[in-house]
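Residues per chain, in single letters:
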Amino acid sequence: MFPKVEINLSYIKYNANVLQKKCSASGIEIAAVTKLVRGDLSVVNVICESGIKMIADSRLLNFEKMSEINMEKLLLRIPMLSQIERVVDLVDISLNSEIETIRKISKVSKRKGKTHSIILMIDLGDLREGIIDDSLIDYTISETLKLDNVKILGIGTNLTCFGGVVPSNKNLQKLVTVKRRIESKYNIKLNIISGGNSGSLGLLSDNKMPKEVNQLRLGASILMGIGLNDADIPGLKQNSFNLVVEIIEIMEKPSIPSGEIGLDSFGNKPFFEDLGIRKKVICAIGRQDVSLEDITPFDKGIKMLGMSSDHLILDVTDAVNNYSLGGLISFELSYGGVLSVMTSDYISKTYV
Ligand SMILES: *Cc1c(COP(=O)(O)O)cnc(C)c1O
């Protein structure tokens, strides 16, 4: 069935193994992030085989699939007040920033006879989730300490996501300062400092990671071999996800449309260069599945001309390979591309 995405489980397993060795040598525990693959169980299983003990995801629906998976489970997106019942049922740990949400977690956990662990998120400047203000951090800690059935496991941060702030020894050191202040002020032990996502791995390679950071939440690096700014991480495998689409028309056509030019199907005024008659292909995939910007043909001679809801139009005149009706074309995917194709019900998933 096409279009399909081919998921290379051995590449993912390889990356998980390499990162697990590297991180554990520095005293860092990995929470493997599976939101990109919607908690796909085959992927979760190879990650589990690498010795990684914790799975992290942003969506409860993904954790529902994993009820048989015997790993610690961490909810990445700070919870909605309306989903606390399921949060307590489905995961052991959640990232949090709002005391009202933590109070509700306490109430629900108590009623269910469970204990839920939280990691308090500190905003180091990226301006997504987390508390910025020191006095609000302290208030939230002291209020949480009064609650039953919630345990403060530690503190954490997220960078590179909204503000694009780059992880550095300096900004992560701030987490260490906050940890020490909380530990001495409240006479408690914070077991986890969660130092960010795949974008933080460069600090580890450069020996610039503060030694107190003992958890990283890694998705893109394990699944795609990429890190900060989506750059390839040396020593890891890329292209674990390939998109394969089928050709439904192949014909010689002019490079310029004929007739009066209005707007295309997405309201843009298209621009065309006259290159004469070209060999053009239509593939059965469209914007309902993935954006044009997120796919790149492996055949470097193919020129991508455009995409409507269900059709991808290519110029294959200068292609390296020969194509024919019913033939297949493969594409590399960006992070956003993998996210789209894994989320589309119209794209079948196969494992290689
Ligand atoms: C998605 C996410 C991660 C993982 O990020 P990658 O760049 O894929 O490693 C980590 N932490 C949080 C809070 C996230 O939402």
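Everything discussed here concerns the structure shown above.
These figures come from a predicted structure and were not determined experimentally.

Participant: Help me understand the pairing of strand S9 (residues 215-218), please; the structure alone is not making it clear to me.
Facilitator: As a general feature of sheets, a regular strand has side chains that alternate between the two faces. A two-sided burial pattern is seen for S9, the buried positions comprising Gln 215 and Arg 217 on one face and Leu 216 and Leu 218 on the other. Across four bridges, strand S2 (residues 29-33) lies against S9 in parallel orientation. When the sheet's bridge partners are listed, Ile 30 is paired in S9 with Leu 216.

Participant: Teacher, can you tell me more about the state of the cysteines here?
Facilitator: What is meant by a disulfide is a covalent connection between two cysteines, made through their sulfur atoms. This model, assessed by the stated rule, comprises zero disulfides. Free of any disulfide, Cys 48 has its nearest cysteine sulfur in Cys 23, 17 Å distant.

Participant: What is the right way to read the site of the ligand from this model?
Facilitator: Around the ligand, the structure places 13 residues, and the nearest of them are Lys 35, Ser 198, Arg 217, Gly 219 and Ala 220. In the model, an oxygen atom of the ligand is placed 2.8 Å from a nitrogen or oxygen of the Gly 219 main chain. In isolation the ligand has 390 Å² of accessible area, and contact with the protein removes 90% of it. A majority-of-atoms criterion places the ligand in the largest pocket. Classifying every residue of the shell around the ligand gives five nonpolar, four polar and four charged.

Participant: Just checking my understanding: could you explain the nonpolar core for this structure?
Facilitator: Soluble, globular proteins show a tendency: their nonpolar side chains are buried together. By size, the foremost hydrophobic cluster in this structure holds 88 residues, and its most contacted members are Ile 12, Ile 222, Phe 241, Leu 243, Leu 314 and Ile 329. Here this core gathers at least three residues from each of two domains, domain 1 (9-230) and domain 2 (241-351). When neighbours within four sequence positions are excluded, Ile 222 is seen to be in contact with Ile 12, Asn 15, Ala 16, Leu 19, Ile 30, Ala 32, Ile 47 and Ile 52. In this structure, Ile 119, Met 121, Leu 153 and Ile 192 belong to the second largest nonpolar core, which totals twelve residues.

Participant: Would you mind showing me how to read the layout of surface pockets here?
Facilitator: Rolled over the atoms, a probe with the dimensions of a water molecule shows which regions are left empty. Size it by volume and the largest pocket reaches roughly 1000 Å³. If you go around the largest pocket, you meet 41 residues; those closest to its centre are Val 33, Lys 35, Ser 58, Arg 128 and Tyr 335. Those elements giving two or more residues to the lining of the largest pocket turn out to be helix H3 (60-65), S9, helix H9 (220-224) and helix H10 (335-343). In terms of residue count, H3 provides more of the lining of the largest pocket than any other element does, four residues in total. If you count residues domain by domain, the lining of the largest pocket takes at least three from each of domain 1 (9-230) and domain 2 (241-351). Estimates place the volume of the second largest pocket at around 900 Å³. If you list the elements that add at least two residues to the lining of the second largest pocket, you get strand S10 (241-254), strand S11 (277-283), strand S13 (303-307) and strand S14 (312-315). Take the lining of the second largest pocket: its biggest share by element is five residues, from S13.

What counts and what doesn't
Residues numbered from 1 in each chain as written. Predicted model: local features only at pLDDT ≥ 70, side-chain atom pairs only at ≥ 80, totals over all residues. Heavy atoms only, no water. Buried < 20%, exposed > 50% of the residue type's maximum accessible area, 1.4 Å probe, protein only. Helix = DSSP H or I, 4+ residues; strand = E, 2+ residues; numbered from the N terminus. Pairing = 2+ DSSP bridges. Disulfide = S-S within 2.5 Å. Near = heavy atom within 4 Å. Polar contact = N/O pair within 3.5 Å; in protein donor to acceptor, adjacent residues only side chain to side chain. Areas by Shrake-Rupley, 256 points an atom, 1.4 Å probe, with all protein chains shown as cover. 1 Å grid on protein atoms, 1.4 Å probe; cavity = no way out; pocket = protein on both sides within 12 Å on 5 of 7 lines; lining within 4 Å. Sits in = over half its atoms within 2 Å of the grid points. Nonpolar A, V, L, I, M, F, W, Y, C, P; charged D, E, K, R; others polar. Core = buried A, V, L, I, M, F, W, Y, C linked by side-chain atoms within 4.5 Å. Domains from an automatic or database assignment. Contact = heavy atoms within 4.5 Å. Points joined across faces, edges and corners; volume = space filled by probe spheres on them.

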